[in-house]
Amino acid sequence: MTTVRIIGAPTDYGANRRGVDMGPSAIRYGGLADQLASAGVGVVDAGDLAVPRAEERDPNADAPSAGKAKFLRETADVCRRLADQVGGTLADGAVPLALGGDHSIAIGSLAGSARDADIGAVWFDAHADLNTPSTTPSGNVHGMPLAAALGFDEFADSDWANAPGLSPENVALVGLRSVDDSEVEVIREHGFAAYTMSDIDERGITEVTEEAMATAGAGVDGVHVSLDLDWLDPNEAPGVGTPVRGGVTYREAHSAMEIVDEADSLRSMELVEVNPTLDQHNETAELATELAASAFGKRVLW
C-alpha cells in the first residue's frame, strides 16, 4: 500500500495577500486524511513546519544580488527544512504531500524531491512562476519557485533553492492564462512544454494532461506535481489570493488528477495557495482534498 506523508508549510512570505498561511489547517479541516484514505492509501500526518509570523520579520533583511525578493531569508529557511522533510519521506518509501501556504514552498518540495534523483514537474497553475528577482513586478517569491528550482538568474548560486535533478525539458506548464512578458521569453528560450487554457479548450484536458505527464516523466525517476488552486476558475475555487478568470472546471480538474494517477509516475506533490480568509464555506480547501484523492487513485465509482 502506498503511504502518503502530509507535511504542512504554513507560509505567506511569498504572497501578496495575507491569510494563505492558514491553508494547511483549512485543507486538513476540509477532510484531507479521510479523502486520501478513501483512495486506498495509508496516511501519516507529520504536522506543520514552524514558521515565524511575517509581521515579526523584515521583508528586506536578505536582499538578492539584483532586483527584489521579499522575505528571501525566511523563505530560504522554510524551504531548506521542507526539502529535508520531503527527501526524508522519499527515503522512507512514502510519498510526500506538502500543504501550502503560498507557492514559494515549491522551492523546498522540488529541492527535496530532486535530492539524489532526476525528476520532472507538472505545474497546474494559472501562472508560470518563472519570474526572478530581476524580472518580478512585485517582489513576491510565490511567482518565482520554478525559476528558483532551475537556478535561473539570481538563483544560480542559491544552493538552497536549486533542484539539480530537474531540467526544463522535463517541465510542463498546464492551464496558463496570466503570464508576464519576461516569462514568455523564458518559456520560449528554454523550450518548456506550455499549455494555455486555449490549448485545453481546443485539445481537451485529457490529451493535454497525458502529454504533460509524458513530457515530465521522460527518462526521470518520477514526477513532482504542483497544484495551485488558482489553476481552477474562481467560480470553482474562490479562496485563492491571485484569482484569474477562465480557469479549468471542477470536472476538468478531477480528470487531470485521475490522469496523474494513471501515469504511475507521481513522486511528490503539493497543494498551494488556499486562502481561507477569501474562501466561501471552506469550499476551496475541500476541493483541494478531493483533487489530491483523485491524484492518488480515487474514482467516482469507488
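My aim in this report is to walk through the structure given alongside it, one point at a time. Sequence order sets the numbering: in each chain, residues are counted from 1 along the sequence as written. Whole-chain, interface and lining totals are the exception, using all residues; otherwise, since this is a predicted model, local features are given only for residues with pLDDT of at least 70 and side-chain atom pairs are given and counted only at 80 or more. Hydrogen atoms and water are omitted, and side-chain values are computed over all heavy atoms in the structure.

**Comments concerning the packing of helix H8 (residues 205-217) against helix H9 (residues 250-262)**
The condition is simple: Lines fitted to C-alpha atoms define the axes here, with helix axes fitted over just the stretch in contact, and angles between the N-to-C directions of these axes take values from 0 to 180 degrees. Numbering of helices and strands runs from the N terminus, with a helix taken as a DSSP run of H or I at least four residues long and a strand as a DSSP run of E at least two residues long. By definition, any crossing whose near helix is turned counterclockwise from its far helix by less than a right angle is left-handed, and any crossing with a clockwise turn is right-handed. The contact criterion used is simple: two residues touch if any of their non-hydrogen atoms lie within 4.5 Å. Any residue that is not Ala, Val, Leu, Ile, Met, Phe, Trp, Tyr, Cys, Pro, Asp, Glu, Lys or Arg is counted as polar, Gly included; the first ten are nonpolar and the last four charged.
At their nearest, the axes of H8 and H9 sit 9 Å apart, and the two run at 35° to each other. Classified by chirality, the crossing of H9 by H8 is right-handed. Where H8 approaches H9, its residues Ile205, Thr206, Thr209, Glu210 and Met213 are matched on the opposing element by Glu252, Ser255, Ala256, Ile259 and Val260. Of the residues belonging to the contact of H8 with H9, the class tally is five nonpolar, three polar and two charged.

**Some remarks on the packing of aromatic side chains**
Given two aromatic rings, one states the distance between the centres and the angle between the planes to describe the pair. Here is the rule we go by: Two rings belonging to Phe, Tyr or Trp (six-membered ring only in the last case) form a pair when the distance between their centres is within 6.5 Å. Interplanar angles under 30 degrees mark stacking, angles over 60 mark edge-to-face geometry, and anything in between is tilted. For every residue, the accessible area (1.4 Å probe, protein chains only) is compared with the maximum for its type, and the residue is labelled buried under 20%, exposed over 50%, or partly exposed between those bounds.
Evaluated as defined, the whole model comprises three aromatic pairs. Centroid distance Tyr13 to Phe71: 5.4 Å. Interplanar angle 35°. Geometry classified as tilted. Of this pair, Tyr13 sits in the loop between strand S1 (3-9) and helix H1 (23-29) while Phe71 sits in the loop between strand S2 (42-48) and helix H3 (72-91), and the two are 58 residues apart along the sequence. Judged by its relative accessible area of 13%, Phe71 falls in the buried class. Ring geometry for Phe152 and Phe192: centres 6.5 Å apart, planes at 70°, overall edge-to-face. Of this pair, Phe152 sits in the loop between helix H5 (145-149) and strand S5 (166-176) while Phe192 sits in the loop between helix H6 (181-190) and strand S6 (193-196), placing them 40 residues apart in sequence. Each member of the pair, Phe152 as well as Phe192, is classed as buried.

**Notes on the sheet that holds strand S7 (residues 222-228)**
Heads up, the rule is: Two strands are counted as paired when DSSP detects at least two bridges linking them.
Taken in spatial order, the eight strands line up as S2-S1-S3-S8-S7-S4-S5-S6 in an open sheet, and their pairing is parallel. Looking at the sheet topology across the chains shown, the edges are occupied by S2 and S6. Neighbour-to-neighbour, the strand axes of this sheet turn through a mean angle of 15°, independent of strand direction. Sheet topology places strand S4 (residues 119-124) next to S7; six bridges connect them, and they run parallel. Paired with Ile119 across the two strands is Gly222, which belongs to S7. On the sheet, H9 packs against S4, S7 and strand S8 (266-272) and is oriented at approximately 170° with respect to S4.

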